[in-house]
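Chain and residue survey
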2 protein chains.
Amino acid sequence: MTYHHGDLRHALIDAALDLLAETQRWDFSLREVARRAGVSHNAPYAHFPDKNALLAAVGVRGYERLRGATVAAAEGCQTAAQALVAIGRAYITFGLGNVAHYRLMFGQALAVDGQMPEPIRAAAAAARGLLREIILRGARDGSFSVDPDNGDDIAGAVMSAWSLVHGFTLLAIDGLTSRETELEADRLIDLILLRMMKGLASKDA
Amino acid sequence: MTYHHGDLRHALIDAALDLLAETQRWDFSLREVARRAGVSHNAPYAHFPDKNALLAAVGVRGYERLRGATVAAAEGCQTAAQALVAIGRAYITFGLGNVAHYRLMFGQALAVDGQMPEPIRAAAAAARGLLREIILRGARDGSFSVDPDNGDDIAGAVMSAWSLVHGFTLLAIDGLTSRETELEADRLIDLILLRMMKGLASKDA
DNA sequence: ACCTGAACACCGTTCAAGT
DNA sequence: ACCTGAACACCGTTCAAGT
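Residues numbered from 1 in each chain as written. Chains lettered and ligands numbered in written order. Predicted model: local features only at pLDDT ≥ 70, side-chain atom pairs only at ≥ 80, totals over all residues. Heavy atoms only, no water.

On inspection of all chains with the given rule, the structure shows three cavities of 30 Å³ or more. Quantified by volume, the largest cavity comes out at close to 220 Å³. Lining of the largest cavity is provided by 17 residues; of these, Arg103(A), Gly107(A), Arg103(B), Gly107(B) and Leu170(B) occupy positions nearest its centre. Of all elements in the fold, only helix H5 (99–106) and helix H7 (151–174) of chain A together with helix H5 (99–106) and helix H7 (151–174) of chain B reach the threshold of two or more residues within the lining of the largest cavity. Put simply, the second largest cavity is a space of about 90 Å³. As for the second largest cavity, its lining consists of 14 residues, of which Leu164(A), Arg195(A), Met196(A), Arg195(B) and Met196(B) are closest to the centre. When contributions to the lining of the second largest cavity are tallied by element, the ones reaching two or more residues are H7 and helix H8 (185–200) of chain A together with H7 and helix H8 (185–200) of chain B. (1 Å grid on protein atoms, 1.4 Å probe; cavity = no way out; pocket = protein on both sides within 12 Å on 5 of 7 lines; lining within 4 Å. Points joined across faces, edges and corners; volume = space filled by probe spheres on them. Helix = DSSP H or I, 4+ residues; strand = E, 2+ residues; numbered from the N terminus.)

Right, dumping it as structure tokens:
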């Protein structure tokens, strides 16, 4: 049994995903991943230039899954406003359900020389594009106060929505959300999504 | 020269802060910190139970600095609305000016068993308290649509404001903010803060 | 109490070698 | 092309020992 599988690259990513889910951390060792995949500790170097490259591939998987979850949530929504809330809720749920994976997607682990690798930047741009579509839809049907012809205005709306949901997800993961009242997590999510919508809503909506 | 300084604990934290600023990363080694402080590689264990404890102490320093920067920004502001915008801007500026420190304050590096250590939780609670005060002030003078007697409502407003600013800071650090238009960073900050304020503002403001 | 030096079980990465 | 085993320069942490 010389070659364990036709696709060790794929097997390594899967092993890393398993470790992510099991340990709830992304600081596992490359050697541990290799062990899981049943190969020697440096077989990964035949498929990835270094550990960072493997992590980046795993990170891209995260963006794909997140996109899948949010797109699915938006389907069947009548209005743009409903779709945006559904996306926000699905986004937060994904983060809280995949803590380590979500952290990896955005953390310093993927950054090289202070910059995210290109595949991650592309995935993030796609995520912004998804949000942009919804917001433009809402701008055209009058539910959002966004000028569809003003690129800055759109970018501001997109980034404010993403920032709020992203920030909340991370604070919730870190356990740094409000504990003042015995507020249930779901209720708090409702409340912050309400504020997000209010920030985008047009006055006559 | 047996004891290098009366306060090695302090010296180690300073050395770590130096490394943070120089390398722009928080994944330096404990041994490197010891080297910087001019002591053997395990002298730190006389002052910290493990590496995590040193990082936590450095993280707390970050919260203190961040608090100092935001409190200073709020001083001299006439209205609660102005104060909140000033705080938001100072917050983002701090994050972008102390990338590694900011990432450390919230990242997995400090988490043990999926939970942030108590000193960090306390610092975060203090940060929420600061926001809460401003928001309550704005609620009483009528500039924010927050019910001062409804704890949930307050918590929702606090978390939505913090989430937005926190999320934006991290996305900007990661370089994942909009690049569609040739939007300047400062302009984008203005736009997202505007959306934040709109999410909090009362209709008659 | 505070620090040192040796030691242990790990890393990521490289290299020569095997098929 | 794909994988192995030995090797290198590191880690975090522990332990016995020194003042």
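Of the transformation superimposing chain A on chain B, the axial component is 0.0 Å and the angular component is 180°, with the fit at an RMSD of 0.0 Å. A rotation of that kind, with that shift, is consistent with a two-fold axis. The overlap is high: 100% of the interface residues of chain A also sit at the interface in chain B, so the same surface is used on both sides. (Least-squares fit on C-alpha atoms with pLDDT ≥ 70 in both. Contact = heavy atoms within 4.5 Å.)

Turning to the interface of chain A and chain B, a few remarks are in order. Listed as interface residues are 54 residues of chain A and, on the opposing side, 54 residues of chain B. Buried area between chain A and chain B, both sides added, is near 4,600 Å², and the carbon and sulfur share of it is 54%. Interface area lost by chain A to chain B is led by Gln108(A), Leu176(A) and Arg195(A), which between them contribute 18%. Counting the contacts that link chain A with chain B gives four salt bridges. Taking the shortest distance from any N to any O, the salt bridge between Asp152(A) and Arg187(B) comes out at 3.8 Å. Those elements that provide at least two residues to the side of chain A that touches chain B are H5, helix H6 (118–140), H7 and H8 of chain A. Per-element accounting of the side of chain A that touches chain B gives the leading share, 18 residues, to H7(A). Its residues placed into classes, the side of chain A that touches chain B shows 23 nonpolar, 17 polar and 14 charged. (Buried area = accessible area lost by both parts, 1.4 Å probe. Salt bridge = Lys/Arg side-chain N within 4 Å of Asp/Glu carboxyl O. Nonpolar A, V, L, I, M, F, W, Y, C, P; charged D, E, K, R; others polar.)

With respect to spatial proximity, 18 residues lie near DNA strand D, and among them Ser40(A), Asn42(A), Leu30(B), Arg31(B) and Asn42(B) are the closest. Arg35(B) places a polar side-chain atom, nitrogen or oxygen, 2.9 Å from a phosphate oxygen of DNA strand D. Note that a base oxygen of DNA strand D is positioned 2.7 Å from one of the side-chain N or O atoms of Asn42(B). Per-element tally for the surface near DNA strand D: the top contributor is helix H2 (residues 30–37) of chain B, with three residues. (Near = heavy atom within 4 Å. Polar contact = N/O pair within 3.5 Å; in protein donor to acceptor, adjacent residues only side chain to side chain.)

Tracing the chain through its elements places Ser163(B) in helix H7. We classify Ser163(B) as buried; its relative accessible area is 0%. (Buried < 20%, exposed > 50% of the residue type's maximum accessible area, 1.4 Å probe, protein only.)

This brings us to H7(A). All names here are of chain A. Taking 1.5 Å per residue, 24 residues should reach 34 Å; H7 reaches 34 Å between its end C-alpha atoms and fits that length. Of all 24 residues that make up H7, 21 are buried, and the element is covered over most of its length. Between a side-chain oxygen at the N-terminus of H7 and the backbone nitrogen of aspartate 152 the separation is 3.0 Å; the capping residue is asparagine 150. Glycine 175 sits one or two residues past H7 and shows a positive phi near 70°. (Expected span 1.5 Å × (residues − 1).)

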